[in-house]
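Residues per chain, in single letters:
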Amino acid sequence: MCPSTRKRLAAARSVAFLNSAITPFEYMILATIIANCIVLALEQHLPEGDKTPMSERLDDTEPYFIGIFCFEAGIKILALGFAFHKGSYLRNGWNVMDFVVVMTGLLGKRELKDMIVATTGSDFDLRTLRAVRVLRPLKLVSGIPSLQVVLKSIMKAMIPLLQIGLLLFFAILIFAIIGLEFYIGKFHTTCFDIATDEIKVEVPCGTELPSRLCPNGTICRKYWDGPNYGITQFDNILFAVLTVFQCITMEGWTDILYDSNNASGNAWNWLYFIPLIIIGSFFMLNLVLGVLSGEFAKERERVENRRAFLKLRRQQQIERELNGYMEWISKAEEVILAEDDTDGDPRHPFDGNYFTLSESD
């Protein structure tokens, strides 16, 4: 590559880098992404592949969005380089996602599909490529640094969250085993009508106090599927784990407590359910929030430290350039003063007559 071509390429990269770094350009891309998300949300598809008139008009905006995204990718590739050096376009994971979205958008165009089919002779379905459009809202993440910090915190918290998940599973397993010992088969007895042999009330019952006794004309016996169509029970370890998990999510756990009180009395059941809620819900599940909060704080601190480091390095670079410039000026003054001592004519490097005298010499 000749020197003039290299200079032109360097100048083009400088202009592209400035365009991709300025705030109005970023705001334009973010506004385009938001508008594209709104368009995707407003699409309405009918049976047999039909579309509403509004959906057809929205499809007409697709080339404009693809064009803007291609322009963004081209500017960044020109500014950063493509993939073969450090800091290039494809060395960033968010840029890789943007590139995939842009390429699938281009391949999803019917005109390009017809050209590929005519060239290769093989057909492919556009619906798969059009499904990748759901990744376009994720382009917001690549344009908003604070969202990147949140997602990086979540990804880095996966290993600690896995350890907490194992601890939570063992706690659920222990409470499920305890529930097997206390409540196995207890949720399948209910009140049957003596005359018709039909279930009178679908609520667990017992045969003696302090459990719930059946009214006159009914008898408490088996067999009933149980609450929630037989899902809420402690007959085996799988259903017991599922029931305990429902309790620690605090979704309907009081109903399970009341069913256990109806089946076996309310004297000691609280000794099982209260520790289950405190340990499983208030403590274990809040550990997840604690881990996410800690990782987010660490990631934010890392980003702030990196930003401060880059700012300090930029200041040092400016100071080095300024010191070099001042040193160059000092040396130039020394040279000119030395020439003045030799020639006897006092001149100043910034004096307009200096250049005239130099040309005459």
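Keep in mind the model is a prediction, meaning the values are calculated, not measured.

### What to know about the pairing of strand S3 (residues 218-221)
Right, on to step 1. Alternating residues of S3 divide into Thr 218 and Cys 220, all buried, and Ile 219 and Arg 221, none buried.
Right, on to step 2. Summarising the sheet, strand S1 (residues 190-193) and S3 pair through 4 bridges and their orientation is antiparallel. Counterpart to Thr 190 in the pairing with S3 is Arg 221.

### With respect to the packing of aromatic side chains
Right, on to step 1. Across all of its chains, the model carries 11 aromatic pairs by this definition.
Right, on to step 2. Residues Phe 175 and Tyr 272 carry aromatic rings whose centres are separated by 5.9 Å and whose planes lie at 70 degrees to one another, so their mutual orientation is edge-to-face. One end of the pair, Phe 175, is in helix H10 (residues 158-183); the other, Tyr 272, is in helix H13 (residues 270-343), with 97 residues separating them in the sequence. Comparing Phe 175 with Tyr 272 shows no difference in burial state: the two are buried.
Right, on to step 3. Site record: aromatic cluster; members linked through ring pairs are Phe 175, Phe 182, Tyr 183, Phe 187, Phe 234, Tyr 272 and Phe 273.

### Brief notes about the nonpolar core
Right, on to step 1. Phe 234, Val 244, Cys 247, Tyr 272, Phe 273 and Leu 276 are the most contacted members of the largest nonpolar core, which has 22 residues in total.
Right, on to step 2. Listed by contribution, the elements that provide at least two residues to this core are H10, helix H11 (237-248), helix H12 (253-264) and H13.
Right, on to step 3. Sort the elements by how many residues they give to this core and H10 lands first, with 7 residues.
Right, on to step 4. Ignoring sequence-local partners within four residues, the contact set of Phe 273 consists of Tyr 183, Cys 247, Trp 253, Ile 256, Leu 257 and Ser 260.
Right, on to step 5. By size, the runner-up hydrophobic cluster in this structure holds 9 residues, among which are Phe 25, Ile 29, Val 39 and Val 102.

### A short note on the state of the cysteines
What is meant by a disulfide is a covalent connection between two cysteines, made through their sulfur atoms.
Right, on to step 1. Applying the stated criterion across every chain yields a total of 2 disulfides.
Right, on to step 2. Each sulfur of the disulfide joining Cys 205 and Cys 220 lies 2.0 Å from the other. Taking the torsion about the S-S bond as the criterion, the Cys 205 to Cys 220 disulfide, at about 95 degrees, is right-handed. With Cys 205 in the loop between strand S2 (199-201) and S3 and Cys 220 in strand S3, this pair connects stretches of sequence that are 15 residues apart. With respect to class, Cys 205 is no different from Cys 220; both count as buried.
Right, on to step 3. Cysteine pairing in the protein follows 1-3, 2-4, where each cysteine in a disulfide is numbered by its order in the sequence.

### A short note on the sheet that holds S2
Right, on to step 1. Reading across from one edge, S2-S1-S3 is the order of the 3 strands in this open sheet, with antiparallel pairing throughout. Looking at which strands have only one partner, the edges of the open sheet turn out to be S2 and S3. Averaged over neighbouring strand pairs, the angle between their axes works out to 50 degrees when direction is ignored.

### Side note on the UniProt feature "binding site: Ca(2+)" (unreviewed entry) in the protein
Right, on to step 1. Per the UniProt annotation, the sites labelled "binding site: Ca(2+)" (unreviewed entry) are Glu 251.
Right, on to step 2. Structurally, Glu 251 can be placed in the loop between H11 and H12.

### Some details on the packing of H10 against H11
Right, on to step 1. Where H10 meets H11, the axes come as close as 8 Å, and the angle between the chain directions of the two elements is 115 degrees. The interaxial crossing formed by H10 with H11 has right-handed handedness. Here Leu 168, Ile 172, Leu 173, Phe 175, Ala 176, Ile 177 and Leu 180 of H10 come into contact with H11, specifically with Ile 237, Ala 240, Val 241, Val 244, Phe 245 and Ile 248.
Right, on to step 2. Residue classes in the contact of H10 with H11 are distributed as 13 nonpolar, no polar and no charged.

### As for the pairing of S1
Side-chain direction in a regular strand flips from residue to residue, so the side chains alternate between the two faces of the sheet.
Right, on to step 1. Inspection of the sheet shows S1 paired to S2 by 2 bridges, in the antiparallel sense. Opposite Phe 192, over in S2, you have Ile 199 as the bridge partner.
Right, on to step 2. Adjacent in sequence and paired antiparallel, S1 and S2 are bridged by 5 residues, among which Asp 197 carries a positive phi angle near 60 degrees.

Conventions we followed
Residues numbered from 1 in each chain as written. Predicted model: local features only at pLDDT ≥ 70, side-chain atom pairs only at ≥ 80, totals over all residues. Heavy atoms only, no water. Buried < 20%, exposed > 50% of the residue type's maximum accessible area, 1.4 Å probe, protein only. Helix = DSSP H or I, 4+ residues; strand = E, 2+ residues; numbered from the N terminus. Pairing = 2+ DSSP bridges. Phe/Tyr/Trp six-rings, centres within 6.5 Å; stacked < 30°, edge-to-face > 60°. Core = buried A, V, L, I, M, F, W, Y, C linked by side-chain atoms within 4.5 Å. Contact = heavy atoms within 4.5 Å. Disulfide = S-S within 2.5 Å. Axes fitted to C-alpha atoms, helices over the stretch in contact; angles between N-to-C directions. UniProt positions renumbered as here; feature names shortened; annotations may be inferred. Left-handed = near helix turned anticlockwise from the far one by under 90°. Nonpolar A, V, L, I, M, F, W, Y, C, P; charged D, E, K, R; others polar.

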